[in-house]
Amino acid sequence: MKIISDIQDLRDQLRGQNRAVFIPTMGNLHEGHLSLMRLARQHGDPVIASIFVNRLQFGPNEDFDKYPRTFEADVEKLEKEGVYVLFAPTEKDLYPEPQEYRVEPPQNLGKILEGEFRPGFFEGVCTVVLKLFSCVQPKVAVFGKKDYQQLMVIRQMCRQLALPVDIVPAETIRAEDGLALSSRNGYLSAEERSEAVQLIQTLKEIQEKVLQGKLTSADILKIEKDACAKLNARGWVPDYISVRKRNDLLSANDADLSSNQPLVVLAAAKLGKTRLIDNLEI
Ligand code: AMP
């Protein structure tokens, strides 16, 4: 595997490749990331991964400085997955001057859910992903459904900017008890780690309730509120637990519910100092 940090070196290395498949990451790789590498192989060749902890997408009080950086272990894992090039730019490589041109997603997608609680997050994500796409020029890129709204934001960006990149979604990889794998799980104490499973448990309970019966939008609101209260009573601080339509991530009205629009339930909640997100299609 070639490890490249300079944009020009990357372009030289990839010249003439027109089926490249790309998986951007922030490193601290786990089985979730590696599943993306395996899926990528089925969609193109060669496989290009990147590791870059993108300052632009972190808020001032978020965990940019303490985000886990495990470069050597990550390199070993990517070697085993047959990745051809790892693009690992420094901040100076990717942002040699202040990044003043930014990509701002539309309010109705970029400022809801994660966007409401993490101002500037999707702007940071879109800006770096567009820039990484410009460096790598992939035919295909793989993103995890673990970050459901992010996947949607990126897809829409590609569509509206006519970027010649196909976005392939990858299923969420979970620990045996159901907790979605995440680099941030490493922040959890042993006690918090066993409690953390309650997040997906709560989403499963909501999924069951929604599937069981003919619900109105008022019923859904009550289910969401009760779920927040339940987690709250166990010591969590939920940002949101929300049932949304899969196609636009807006709430479902009674007509949507009675016409069986495909739904997804999304959640973000803090357990101690760690903020976890998860989602489940209904
Ligand atoms: P990150 O390093 O957190 O920016 O994630 C890089 C990519 O891996 C994103 O497309 C994530 O959605 C994806 N990802 C993270 N965790 C998982 C997981 N548990 N299962 C599948 N994909 C994941």
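Values in this document were obtained by computation on a predicted structure and should not be read as measured data.

1. Some remarks on the packing of helix α1 (residues 7–14) against helix α7 (residues 121–136)
Two numbers describe how α1 lies on α7: the axes approach to 8 Å, and their chain directions differ by 50°. One way to sum up the angle between α1 and α7 is to call them oblique. Taking contact as the criterion, the partners of I7, L10, R11 and L14 in α1 are, on α7, S134, C135 and V136. Split into classes, the residues belonging to the contact of α1 with α7 amount to 5 nonpolar, 1 polar and 1 charged.

2. Let's talk about the site of the ligand
In the vicinity of the ligand there are 16 residues, among which H33, G144, D147, I173 and L181 approach most closely. The separation between an oxygen atom of the ligand and a polar side-chain atom of H33 is 2.9 Å. I173 has a polar backbone atom sitting 2.8 Å from a nitrogen atom of the ligand. For the ligand, the protein covers 91% of the area, taking 480 Å² as the surface of the free molecule. Contributing elements (two or more residues each) for the shell around the ligand: β2 (21–25), α2 (31–41) and β5 (140–144). Ranked by the residues each element gives to the shell around the ligand, the list is headed by α2, at 3 residues.

3. Some points on the sheet that holds strand β1 (residues 2–4)
On the basis of which strands lie adjacent, the open sheet formed by 6 strands has the order β1-β4-β3-β2-β5-β6 and parallel pairing. Of all strands in the sheet, those bounded by a partner on one side alone are β1 and β6 (166–170). For this sheet, the mean inter-axis angle between neighbouring strands, taken without regard to orientation, is 25°. Here β1 runs beside strand β4 (residues 85–87); their pairing, made up of 3 bridges, is parallel. In the sheet register, I3 faces β4, and the bridge partner there is L86. Packing of helix α3 (residues 71–80) onto the sheet brings it into contact with β1, β3 (47–51) and β4, and relative to β3 it is tilted by some 170°.

Conventions adopted
Residues numbered from 1 in each chain as written. Predicted model: local features only at pLDDT ≥ 70, side-chain atom pairs only at ≥ 80, totals over all residues. Heavy atoms only, no water. Axes fitted to C-alpha atoms, helices over the stretch in contact; angles between N-to-C directions. Helix = DSSP H or I, 4+ residues; strand = E, 2+ residues; numbered from the N terminus. Parallel < 35°, antiparallel > 145°, perpendicular 65-115°, else oblique. Contact = heavy atoms within 4.5 Å. Nonpolar A, V, L, I, M, F, W, Y, C, P; charged D, E, K, R; others polar. Near = heavy atom within 4 Å. Polar contact = N/O pair within 3.5 Å; in protein donor to acceptor, adjacent residues only side chain to side chain. Areas by Shrake-Rupley, 256 points an atom, 1.4 Å probe, with all protein chains shown as cover. Pairing = 2+ DSSP bridges.

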